[in-house]
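# Fold and geometry: a report
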Amino acid sequence: TPGARTNWHTHPVGQTLVVLSGLGWVQLEGEAAQPIRPGDVVVIAPGENHWHGAEGSHTMVHLAMQENDANGVAVTWGKPVTDAEYAG
């Protein structure tokens, strides 16, 4: 839904996002948020702290693919993305 986003999080084996429809954002920690659009493929490196979500006035649908590590862990969730971080 518009403005929806994940918490900050990492993936031990990385993650690939494929945007199917709508408009959204992805942000790697320490970098500016980048717009994502239908057809975009975003590759997140293992251990990279990031978030992704819908643009404030649009829905966004994406396929998020990641694998478990040897211990069965696919994601480590962090803090919520604040409204200020989202707007930044």
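Right above here is the structure, for reference.
Residues numbered from 1 in each chain as written. Predicted model: local features only at pLDDT ≥ 70, side-chain atom pairs only at ≥ 80, totals over all residues. Heavy atoms only, no water.

## Description of the overall build of the protein chain
A tally of helices and strands in the protein chain yields 1 helix and 8 strands. Helices and strands in the protein chain line up, N terminus first, as β-β-β-β-β-β-β-β-α. By the compact-globule yardstick of 12 Å for 88 residues, the protein chain fits well, its C-alpha radius of gyration being 12 Å. In terms of overall dimensions, the protein chain has a C-alpha envelope of 40 × 25 × 20 Å along the principal axes. A total of about 5000 Å² of accessible surface is found on the protein chain, and carbon and sulfur atoms cover 55% of it. (Helix = DSSP H or I, 4+ residues; strand = E, 2+ residues; numbered from the N terminus. Rg over C-alpha atoms; globule rule 2.2 N^0.38 Å. Areas by Shrake-Rupley, 256 points an atom, 1.4 Å probe, with all protein chains shown as cover.)

## Points about the sheet that holds strand β2 (residues 15-22)
Reading across from one edge, β5-β2-β7 is the order of the 3 strands in this open sheet, with antiparallel pairing throughout. The open sheet has two edge strands with one neighbour each: β5 (41-44) and β7 (60-66). Sheet twist, expressed as the average angle between the axes of neighbouring strands with direction ignored, equals 20°. As paired elements, β2 and β5 share 4 bridges and run antiparallel to each other. From the neighbouring strand, Thr 16 faces β5, where its bridge partner is Val 43. (Pairing = 2+ DSSP bridges. Axes fitted to C-alpha atoms, helices over the stretch in contact; angles between N-to-C directions.)

## Re the environment of Glu 85
Summarising the element assignment, Glu 85 is placed in helix α1 (residues 83-87). According to the relative accessible area criterion, Glu 85 is partly exposed, its value standing at 32%. Distance in space between the C-alpha atoms of Glu 85 and Ala 32 is 9.7 Å, their sequence separation being 53 residues. In contact with Glu 85, other than residues within four places in its own chain, are Trp 8, Gln 27 and Pro 80. Only 2.9 Å separates the side chain of Glu 85 from the backbone nitrogen of Thr 82, close enough to count as a polar contact. (Buried < 20%, exposed > 50% of the residue type's maximum accessible area, 1.4 Å probe, protein only. Contact = heavy atoms within 4.5 Å. Polar contact = N/O pair within 3.5 Å; in protein donor to acceptor, adjacent residues only side chain to side chain.)

## Brief notes about the packing of aromatic side chains
Across all of its chains, the model carries 1 aromatic pair by this definition. A ring pair is formed by Trp 51 and Tyr 86, whose centres lie 5.7 Å apart and whose planes are at 45°; its orientation type is tilted. Of this pair, Trp 51 sits in strand β6 (residues 50-54) while Tyr 86 sits in helix α1, and the two are 35 residues apart along the sequence. Take Trp 51 and Tyr 86: they sit in the same class, and that class is buried. Between Arg 5 and the ring centre of Tyr 86, over which it is positioned, the NZ or CZ distance is 4.4 Å. (Phe/Tyr/Trp six-rings, centres within 6.5 Å; stacked < 30°, edge-to-face > 60°. Lys NZ or Arg CZ within 6 Å of the ring centre and 35° of its normal.)

## Some details on the pattern of salt bridges
A complete count under the given rule lists 1 salt bridge for this structure. A salt bridge links Arg 5 to Asp 83; the shortest N-O distance between them is 2.6 Å. Pair noted here: Arg 5 is in the segment before β1 (9-10) and Asp 83 is in helix α1, with a separation of 78 residues, a long-range link. By relative accessible area, Arg 5 is classed as partly exposed at 26%. For Asp 83, a relative accessible area of 59% gives the class exposed. (Salt bridge = Lys/Arg side-chain N within 4 Å of Asp/Glu carboxyl O.)

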